[in-house]
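Residue-level listing of the chains:
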Amino acid sequence: WGLRSLKPVFKSRWVRHLHSLVYTKIIIISRLLFHRFQTNKLLRFIMTFVSSRRIDFPMVDLAGIVYYPRFWDLAHRFYEESWNYTCGIHYNELLEKFRLGFPLVHSEANFHHPLKYGDTATCKLKIKKIGNTSITWNFEIFNQEEILCWTSVQTTVCTSMDEITKKVSVPEWMRDGLSKIQE
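Residues numbered from 1 in each chain as written. Predicted model: local features only at pLDDT ≥ 70, side-chain atom pairs only at ≥ 80, totals over all residues. Heavy atoms only, no water.

Trainee: Help me understand unusual backbone geometry in this model?
Mentor: Peptide bonds are mostly trans, and most non-glycine residues show a negative phi. For Arg-99, which is not glycine, the phi dihedral falls at a positive 55 degrees. According to the relative accessible area criterion, Arg-99 is partly exposed, its value standing at 33%. The phi dihedral of Glu-146 is positive, around 65 degrees, even though this residue is not glycine. Note on placement: Glu-146 falls in the loop between strand S5 (134–142) and strand S6 (148–157). For Glu-146, a relative accessible area of 53% translates into the label exposed. (Buried < 20%, exposed > 50% of the residue type's maximum accessible area, 1.4 Å probe, protein only. Helix = DSSP H or I, 4+ residues; strand = E, 2+ residues; numbered from the N terminus.)

Trainee: What should I look at first to understand the sheet that holds strand S4 (residues 120–130) in this one?
Mentor: What links the strands of a sheet is backbone hydrogen bonding, and the strands pair in either a parallel or an antiparallel sense. Strand order in the open sheet formed by five strands is S1-S4-S5-S6-S3, and the pairing between neighbours is antiparallel. Where the open sheet ends on each side, the last strands, each with one partner, are strand S1 (49–54) and strand S3 (104–111). Strand-to-strand, the axes of this sheet are offset by a mean angle of 20 degrees, without reference to chain direction. Note that S5 and S6 share nine bridges and pair antiparallel. Bridging from a neighbouring strand, Glu-140 pairs with Thr-151 of S6. (Pairing = 2+ DSSP bridges. Axes fitted to C-alpha atoms, helices over the stretch in contact; angles between N-to-C directions.)

Trainee: I keep staring at helix H2 (residues 70–87) and nothing clicks. Help me out?
Mentor: Because each turn of an α-helix spans 3.6 residues, side chains separated by three or four positions in sequence point in the same direction. Taking 1.5 Å per residue, 18 residues should reach 26 Å; H2 reaches 26 Å between its end C-alpha atoms and fits that length. Among the residues of H2, those classed as buried are Phe-71, Leu-74, Ala-75, Phe-78, Tyr-79, Ser-82, Trp-83, Thr-86 and Cys-87. Following H2 by one or two positions, Gly-88 adopts a phi angle in the positive range, close to 75 degrees. (Expected span 1.5 Å × (residues − 1).)

Trainee: What's the story with the confidence of the model for the protein in this structure? I'm lost.
Mentor: Where the model shows low pLDDT, its predicted coordinates should not be examined in detail. Per-chain confidence: the protein averages 84 in pLDDT, with 75% of residues scoring 70 or above. Taken together, the stretch residues 1–12 has pLDDT below 50 and engages in four contacts with residues farther than four places along the chain or on a different chain. For residues 14–19, every residue scores under 50 in pLDDT, and the model assigns this stretch four contacts once sequence neighbours within four places are set aside. (pLDDT = per-residue confidence, 0-100. Contact = heavy atoms within 4.5 Å.)

Trainee: In this structure, what is going on with the side chain of Thr-156? I would like to understand it.
Mentor: Tracing the chain through its elements places Thr-156 in strand S6. On the basis of relative accessible area, Thr-156 is assigned to the buried category, the value being 5%. Among the polar contacts listed, one links the side chain of Thr-156 to the side chain of Trp-137, at a separation of 3.0 Å. Residues contacting Thr-156, with those up to four places away along its chain left out, are Tyr-79, Phe-102, Pro-103, Leu-104, Val-105, Thr-133, Ser-134, Ile-135 and Trp-137. (Polar contact = N/O pair within 3.5 Å; in protein donor to acceptor, adjacent residues only side chain to side chain.)

Trainee: I'm lost on the side chain of Ser-82 in this one. Help?
Mentor: Here Ser-82 is to be found in helix H2. Residue class for Ser-82 comes out buried when judged on its relative accessible area of 0%. Within the structure, the side chain of Ser-82 is placed 2.6 Å from the backbone oxygen of Tyr-79, a separation counted as a polar contact. Each residue touching Ser-82, except ones within four places of it in the same chain, is listed here: Phe-49, Leu-125 and Trp-137.

The following block contains the structure:
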């Protein structure tokens, strides 16, 4: 019959992604049921904010790879996008209407694999911790082949835009929204 193998051959990324989603759902459901059975409590479901963008020419150096400071620029663009997903507001609205800012006060990063001109960078963003006045973010940036390229843990502090050097507590409505992506 000409069949070489009984294993499925995934030629398209879409089919691989679909297969991954089905497998992931099976794992999640089995873990939820096991947790519910063992503890008689519901397990909180954690989402990850995921977004992608193309690597453009102004982002690369002469070697054709992303110039290292551009990773922080990429991370900040994904960070700004995440507010719409978590709290239902545009980042600009957070700054102007609510008069809250989140300057970066600490950053650690690891470079794992280069991103090249024309690649698609996909960021997976989670929140590691929400403190009284600070938020710790966990960034993972992959290329289109799902190779991990950059990771970073960044801490921002909640401040008033009217008095930028004054820390303020992270509002409760914001904590509720951000908890969607909290580890």
